[in-house]
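# Topology and contacts: notes
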Amino acid sequence: MSRTAVPPSTTEERTVSAPRRWAMLAAGTAAQAATAAMVTAPSFLIPELHRPSSEGGYGMSLAEAGLVAAAAMAGMMCTLVLWGLVVDRRGERFALLAGLLVTATGGGAAAALAQPWPMAAALCFAGIGAAATNSASGRVVVGWFPPERRGIAMGIRQTGQPLGVGIAAGTVAVIAHHHGIGPALWVPTAAASLVAVYVALVVIDPPRPPASEARAVANPYRADPYLARIHAASVLLVVPQFLVWTFGLTWLVDDLGWSPGIAGLVIAGTQLAGAAARIGAGWVSDLVGSRMRPMRAVAVLAAATMALLGLTATGTDDSTALTVAAVALLVVASAVTVADNGLAFTAVAERAGPFWSGRALGLQNTAQHVVAVAVPPVAGLTITAWGYGATYAIAAALPLLAVAVVPVAGERHVS
């Protein structure tokens, strides 16, 4: 085993019981869901922010509303690597608890302020806390599960993100429409508070080699471009993911004329499909002993799905059949575009090892969120200029590029 590898599975197996291991997986998944709900909840406020003030909304342009929606992601993006360093130095439990408490505090402040720009500042603070769960909960899974079950375990943990988005989609838009944007933000705030209690009860730091060995561990980025290529491929794949997450509901409401409640339920359903896709991708990666081959297959499917979605979405004004096909493809795209996340996360943690994986996972998420923060305002401008169909079609080019970037040849067999 490489000196940057994770501790042997035999050590992991005898340290805690199987029920405790699965309870910690549930805690990591719940933490990811709560923070994902907080970070993506502002996206489901876009219809209210964009609605004319004469109709009770805020009269913001799509680009302005997109900036508000990106505030929590901006806070997350700026602190992912710092939280990774905290995880490497202080441990997973400390980082999870501290991050969830910051998230809840920021969310509560945003709900109390309930005005777009002050709310955006508070959401940015909530995003800073949300960043902790990305590295910390992933490290809990990698540290406590053996390699042959790590793919599906990480796939389950990664369902936290689409489940959190589903919770936000199914509640935030409806509450905001009927009661205002402030009350809507109490949903993710309450979730973060409750999960913090659960984490405190069940999570313990996984085993790792003695701290005295840390200085002897080589920087995995200097050995080969494997990690850097995973980061690059993940960046390309995250654009269609955040595009359909951010503007899927707005497309259903504005272009197709659906009610916010029905549209929110559909988007919530797409997140269940995304959760299933992540588990399936993780299971396949354990079965074939590879994280990168399934990731490359996901990139191919994402490119094809986004291209077809773009094609059908352009004809929804003239054809009921195309409308049905476009909505079905939105569901498929919401599943396919998130299926790679667990694969990349697991591969990064496995290659980086216990003394570098916190920072490596922080870099992985930072790279993704740098691009993700730009998606709402840029896509808002593109949609305004060319429409939803053209924007979906343009996004298909990026996963197509990712097919060539995924480092299949540099991967070590999972065992």
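Residues numbered from 1 in each chain as written. Predicted model: local features only at pLDDT ≥ 70, side-chain atom pairs only at ≥ 80, totals over all residues. Heavy atoms only, no water.

### Examining the overall build of the chain
Within the chain one finds 20 helices and 0 strands. Summarising its shape, the C-alpha atoms of the chain cover approximately 65 × 45 × 35 Å along the three principal directions. Within the chain, the proportion of its 415 residues that are buried is 59%. Relative to all contacts within the chain whose residues are 6 or more apart in sequence, the contacts with residues 24 or more apart total 84%. (Helix = DSSP H or I, 4+ residues; strand = E, 2+ residues; numbered from the N terminus. Buried < 20%, exposed > 50% of the residue type's maximum accessible area, 1.4 Å probe, protein only. Contact = heavy atoms within 4.5 Å.)

### Quick notes on the environment of Val39
Among the secondary structure elements, Val39 is positioned in helix α2 (residues 18-40). The exposure class of Val39 is buried, given its relative accessible area of 5%. Val39 sits 13 residues away from Pro52 along the chain, and the two C-alpha atoms are 25 Å apart. If sequence neighbours within four positions are ignored, Val39 has contacts with Ala69, Ala72, Met73, Met76 and Ala130.

### A few points about the packing of aromatic side chains
Under the criterion given, the structure shown has 3 aromatic pairs. Each ring, one from Trp251 and one from Tyr392, has its centre 5.9 Å from the other, and the planes form 85 degrees; the classification is edge-to-face. On the criterion of sequence distance, the pair formed by Trp251 in helix α13 (residues 226-254) and Tyr392 in helix α19 (residues 388-395) is long-range, its members being 141 residues apart. Tyr392 matches Trp251 in its accessibility class, with the two residues each being buried. With 6.4 Å between their ring centres and 40 degrees between their planes, Tyr388 and Tyr392 make a pair best called tilted. Linking Tyr388 with Tyr392, this pair stays in helix α19, spanning 4 residues, or about one helical turn. Each member of the pair, Tyr388 as well as Tyr392, carries the same accessibility label: buried. Cluster of aromatic residues (ring-pair linked, three or more members): Trp251, Tyr388 and Tyr392. (Phe/Tyr/Trp six-rings, centres within 6.5 Å; stacked < 30°, edge-to-face > 60°.)

### Topic: the packing of helix α15 (residues 292-313) against helix α16 (residues 320-336)
Relative orientation of the contacting elements α15 and α16 amounts to 155 degrees, with a least axis distance of 9 Å. In this view, α15 runs roughly antiparallel relative to α16, as classed from their interaxial angle. At the point where α15 passes α16, the crossing takes the left-handed sense. Between α15, through Val298, Leu301, Ala302, Thr305, Met306, Leu308, Leu309, Thr312 and Ala313, and α16, the contact on the second element is made entirely by Leu322, Ala325, Ala326, Leu329, Leu330, Val332, Ala333 and Val336. Class assignment for the residues of the contact of α15 with α16 results in 15 nonpolar, 2 polar and no charged. (Axes fitted to C-alpha atoms, helices over the stretch in contact; angles between N-to-C directions. Parallel < 35°, antiparallel > 145°, perpendicular 65-115°, else oblique. Left-handed = near helix turned anticlockwise from the far one by under 90°. Nonpolar A, V, L, I, M, F, W, Y, C, P; charged D, E, K, R; others polar.)

### Regarding the packing of helix α8 (residues 147-158) against helix α14 (residues 260-288)
One can describe the packing of α8 onto α14 by two numbers: an axis separation of 7 Å at closest approach and a directional angle of 170 degrees. Judged on the interaxial angle alone, α14 and α8 are roughly antiparallel. Touching Pro147, Glu148, Arg149, Arg150, Gly151, Ile152, Gly155, Ile156 and Gln158 of α8 are Arg278, Ile279, Gly282, Trp283, Ser285 and Asp286, all from α14. Residue composition of the contact of α8 with α14, by class: 5 nonpolar, 5 polar and 5 charged.

### Side note on the nonpolar core
Of all hydrophobic cores here, the largest spans 125 residues; its most connected members are Phe44, Leu45, Trp251, Met306, Leu309 and Tyr392. Of all the elements, α13 adds the most residues to this core, at 17 residues. Residues within four places of Leu309 in sequence aside, it is in contact with Val244, Ala326, Leu329, Leu330, Ala333 and Tyr392. (Core = buried A, V, L, I, M, F, W, Y, C linked by side-chain atoms within 4.5 Å.)

### Observations concerning the confidence of the model for the chain
Averaged over every residue, the pLDDT of the chain is 84; the share at 70 or more is 92%. This stretch, residues 1-14, has a pLDDT under 50; its non-local contacts, to residues over four places away or in other chains, come to 38 contacts. (pLDDT = per-residue confidence, 0-100.)

### Quick word on the pattern of salt bridges
Between side chains of opposite charge, pairing is possible as soon as their charged atoms come close. For the structure shown, the criterion picks out 7 salt bridges. We note a salt bridge from Asp88 to Arg139, for which the minimum N-O separation is 2.6 Å. Of the two residues, Asp88 is situated in helix α5 (residues 71-90) and Arg139 in helix α7 (residues 116-144); the sequence distance between them amounts to 51 residues. Since its relative accessible area comes to 10%, Asp88 is described here as buried. (Salt bridge = Lys/Arg side-chain N within 4 Å of Asp/Glu carboxyl O.)

### A word on the side chain of Asn134
Residue position: Asn134 is located in helix α7. Judged by its relative accessible area of 4%, Asn134 is buried. Within the structure, the side chain of Asn134 is placed 3.4 Å from the backbone oxygen of Ala130, a separation counted as a polar contact. Residues contacting Asn134, with those up to four places away along its chain left out, are Gln32, Met76, Leu80, Arg157, Phe345 and Asn365. (Polar contact = N/O pair within 3.5 Å; in protein donor to acceptor, adjacent residues only side chain to side chain.)

### Description of the environment of Ala132
If you trace the backbone, Ala132 turns up in helix α7. Between the alpha carbons of Ala132 and Ile267 there is a distance of 26 Å; along the sequence they are 135 residues apart. Setting aside its immediate chain neighbours within four residues, Ala132 contacts Trp83, Ala95 and Gly99.

### Concerning helix α4 (residues 62-69)
Among the residues of α4, those classed as buried are Leu62, Ala65, Gly66, Val68 and Ala69. The buried residues of α4 occupy one face: seen down the axis, they fall within an arc of 160 degrees. For α4, the elements touching its buried residues are α2, α3 (46-50), α5, α7, α13 and α18 (357-386). (Arc of directions from axis to C-beta.)

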